[in-house]
Amino acid sequence: MNNYWLKIIFHYIFLIFSVYLITFFLIRLVPGDPIDFLVGQSNFSADVNQIKEHLGLDLSISEQVFKALKNLFQLDFGLSIHQNIDVLFLLKPALINTALLAILSISMAVVISIPFGLFVSYINRSFLNQIIKCVNAILIAIPSFILAPILILFFAMFLDLLPVSGMEQPSSILLPAATLSISFIAYLVKMTMDSSEELKDSVLIIAAKSKGLNLSYIYFTHVIKLISLPIVTAIGLQLGGLLSGTIITEMIFSWNGIGKLLIDSIHQRDYPITQAAVFFIAISYVTINFMLEFIYLKLDPRIKTYHE
Amino acid sequence: MNKIGLIFPSLFFILVVLNNFLGWDPYGMNFDLILKPPGFRGFFGYDDYGRDILIRLINGFLVSFEIVVLATSISFLMGICLGCIAGYFRGPVDQIITSGMTIVQAFPGILLIIGLAAFLETSFWNILFALTVTAWIGFARIARSQTLSIRESDFVKAAILMGADRNRIIHKHIIPNILAPLSVELNFTIANLIVAEAGLAFLGLGLSSPFPSWGGMLRDSIDYLLVAPHYVIMVSLCMILMILSFNSIGEGLKKYINE
């Protein structure tokens, strides 16, 4: 038991450090001297030195790594170059906005797709199944930057129900959340249908049937428990797609989340923000995967014995 | 049914070849035809500068596809080499390669591609680099897990008993056996990279603007969503069809191999 957790925790810490160092050294990829790039025309040496000190580029590499690690422990991600405020101060509201969007879209997807998938496999009409599988294949493959304009065109322009973009009204979260959740819904419906189809002929279901249990009762109490593990896995895997999907979706709907902060900072060449945003998105992804390990263990205690 | 997936890409390839011979001009502007909807002249309509959308789509496809195919083939080779090495030698070599894979995978989706593109100069080779860095993981994972299981199979043991050396086992026994699942992954990677490359262009991090690219065209078309919906519809239709085609080719291959 201890060995298993030690391994996972060690893995987690290793990932945090390596992700941090990668994001830290991204700035070294800038062609030539990043300082020349930032200062541009005004080539005063005072300016240059100040920015160099600001970015910590006046130190040697080993000193830079040391300083970076020290900053990580102090949760110091530097100052924004353009606005001259603490990066964390900018990141906090952005992270909250993104989390709001992600949580809403995931809960929308789970609430809609799992009952729907179970219901479809419960009715079990091959014609309906074929149609749903086709629609699913299309919806899974469709990228967010294509889906978003279609949704805007239909709901905001044609029906005039929801705001096109921005975040002034509470209802303006609906379109970006729908954009993020639609392909996820399709994916979850596919998962539920596939895994309940696999279970259909299992001994467990036959036993429950022979006890005289109602088929709908079997589906919504027994099957739902059995398919929860692959679904949690799917949620975990899909979160990666979701977290990077928010970047583009936030840009389209000008939702002030971390993705928009990231892209805006790239266009403004505000490197400390870019570094911190990349780091935080990656870290939240790693952390979610880390937490999934706990949930797996709760859902399926066999995993622990397997690892021992 | 999955053969339908071949129709659209091959149609586009024919158009690309025709374009090569006839030299349709993707930059030719015609101010009388600005945002003109599809008709007999210009099947896909015209964009905001009066340029033919179909011709721009064909030219944009050429550039994007060049990057995507190069990135896929480089990452295919990288994935096979590193995956085989990790799976065959195991031990510390395997650990180093696997931890490299987990580090890259800590960046979800196209985040690392965006991060790299943000700091690198936007050029053909740099975008290629950014795409390859993330794409090799899929191949390496499959190659590694397949090699691990094939290494324990009886025919490999027999080959070792007959005195075959490492090179011979890897080349003659392992690689031919892992090619099938990898070729399935190949199609999915192409589809994913088309999306990733278009996403980069959409965010303004791809090749610069006068150059036709699908992502860039989509971004431009969103500005004219109300005035000229045909622009956005044509571009997104093409992209969806292309992605679906490669996905369905992959699905078809998977079914064929499993049977």
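Read on for an overview of the structure. Everything numeric in this text was worked out from a predicted model, so none of it was measured.

**Side note on the overall build of chain A**
Here is step 1 of the chain: Counting its secondary structure elements, chain A contains 14 helices and 0 strands.
Here is step 2 of the chain: In sequence order, chain A lays out its α and β elements as α-α-α-α-α-α-α-α-α-α-α-α-α-α.
Here is step 3 of the chain: In chain A, which comprises 308 residues, the proportion classed as buried is 46%.
Here is step 4 of the chain: Within chain A, contacts between residues at least 6 apart in sequence are counted, and of these 74% link residues at least 24 apart.
Here is step 5 of the chain: Element-wise, carbon and sulfur atoms account for 66% of the exposed surface of chain A, whose accessible area totals about 16,000 Å².

**What to know about the overall build of chain B**
Here is step 1 of the chain: Looking only at helices and strands, chain B has 9 helices and 0 strands in total.
Here is step 2 of the chain: Secondary structure of chain B in N-to-C order comes out as α-α-α-α-α-α-α-α-α.
Here is step 3 of the chain: When its C-alpha atoms are laid out on the principal axes, chain B stretches across 75 × 40 × 30 Å.
Here is step 4 of the chain: For chain B, the proportion of its 259 residues judged to be buried stands at 53%.
Here is step 5 of the chain: Pairs at least 24 residues apart make up 72% of the contacts formed inside chain B by residues separated by at least 6 positions.
Here is step 6 of the chain: Accessible surface for chain B amounts to roughly 12,200 Å². Of this, 66% is attributable to carbon and sulfur atoms.
Here is step 7 of the chain: Of the charged side chains in chain B, 16 are positive and 17 negative; the average position of the first set lies 11 Å away from that of the second.

**What to know about helix H3 (residues 91-105) of chain B**
Here is step 1 of the chain: Across its 15 residues, H3 of chain B extends 21 Å between first and last C-alpha, which sits within 8% of the 21 Å expected from 1.5 Å per residue.
Here is step 2 of the chain: For H3 of chain B, every residue scored as buried is listed here: Asp 94, Ile 97, Met 101, Ile 103 and Val 104 of chain B.

**Some remarks on the nonpolar core**
Here is step 1 of the chain: Among the nonpolar cores identified, the biggest contains 125 residues, and Phe 145, Leu 262 and Phe 279 of chain A together with Phe 12, Leu 57, Ile 114 and Met 239 of chain B are the most heavily contacted of them.
Here is step 2 of the chain: Per-element accounting of this core gives the leading share, 14 residues, to helix H13 (residues 271-299) of chain A.
Here is step 3 of the chain: Among all residues touching Leu 262 of chain A, those that are not within four sequence positions of it are Ile 247, Thr 274, Ala 277, Val 278 and Ile 281 of chain A together with Leu 111 and Ile 114 of chain B.
Here is step 4 of the chain: Counting 30 residues, the second largest nonpolar core, distinct from the first, contains Ala 102, Ala 208, Val 223 and Leu 239 of chain A.

**Re the pattern of salt bridges**
Residue and element names in this part refer to chain B.
Here is step 1 of the chain: Scanning the entire structure with this criterion turns up 4 salt bridges over all chains.
Here is step 2 of the chain: Two residues, Glu 152 and Arg 90, come together in a salt bridge whose shortest N-O distance is 3.0 Å. Note that Glu 152 is positioned in the loop between helix H5 (124-151) and helix H6 (154-161) and Arg 90 in the loop between helix H2 (53-89) and H3, a separation of 62 residues in sequence.
Here is step 3 of the chain: On the accessibility criterion, Glu 152 (40% relative accessible area) is partly exposed.
Here is step 4 of the chain: Owing to a relative accessible area of 31%, Arg 90 belongs among the partly exposed residues under this scheme.
Here is step 5 of the chain: Of the charged contacts, one joins Arg 144 and Asp 94 as a salt bridge, the two residues approaching to 2.7 Å between their closest N and O atoms. Taken together, the positions of Arg 144 in helix H5 and Asp 94 in helix H3 put the pair 50 residues apart, joining distant regions of the chain.

**Observations regarding a nonpolar patch on the surface**
Residue and element names in this part refer to chain B.
Here is step 1 of the chain: Judged by side-chain polarity, Ile 14, Val 17, Leu 18, Phe 21 and Leu 22 come together as a nonpolar surface patch covering roughly 530 Å² of accessible area.
Here is step 2 of the chain: Tracing the backbone shows Leu 22 in helix H1 (residues 4-22).
Here is step 3 of the chain: Judged by relative accessible area, Leu 22 falls into the exposed class, the value being 54%.

Criteria and thresholds
- Residues numbered from 1 in each chain as written.
- Chains lettered and ligands numbered in written order.
- Predicted model: local features only at pLDDT ≥ 70, side-chain atom pairs only at ≥ 80, totals over all residues.
- Heavy atoms only, no water.
- Helix = DSSP H or I, 4+ residues; strand = E, 2+ residues; numbered from the N terminus.
- Buried < 20%, exposed > 50% of the residue type's maximum accessible area, 1.4 Å probe, protein only.
- Contact = heavy atoms within 4.5 Å.
- Areas by Shrake-Rupley, 256 points an atom, 1.4 Å probe, with all protein chains shown as cover.
- Lys, Arg positive; Asp, Glu negative; His and termini not counted.
- Charge placed at Lys NZ, Arg CZ, Asp CG, Glu CD.
- Expected span 1.5 Å × (residues − 1).
- Core = buried A, V, L, I, M, F, W, Y, C linked by side-chain atoms within 4.5 Å.
- Salt bridge = Lys/Arg side-chain N within 4 Å of Asp/Glu carboxyl O.
- Patch = residues over 30% accessible without salt bridge, like charges linked within 9 Å, V, L, I, M, F, W, Y side chains within 5 Å.

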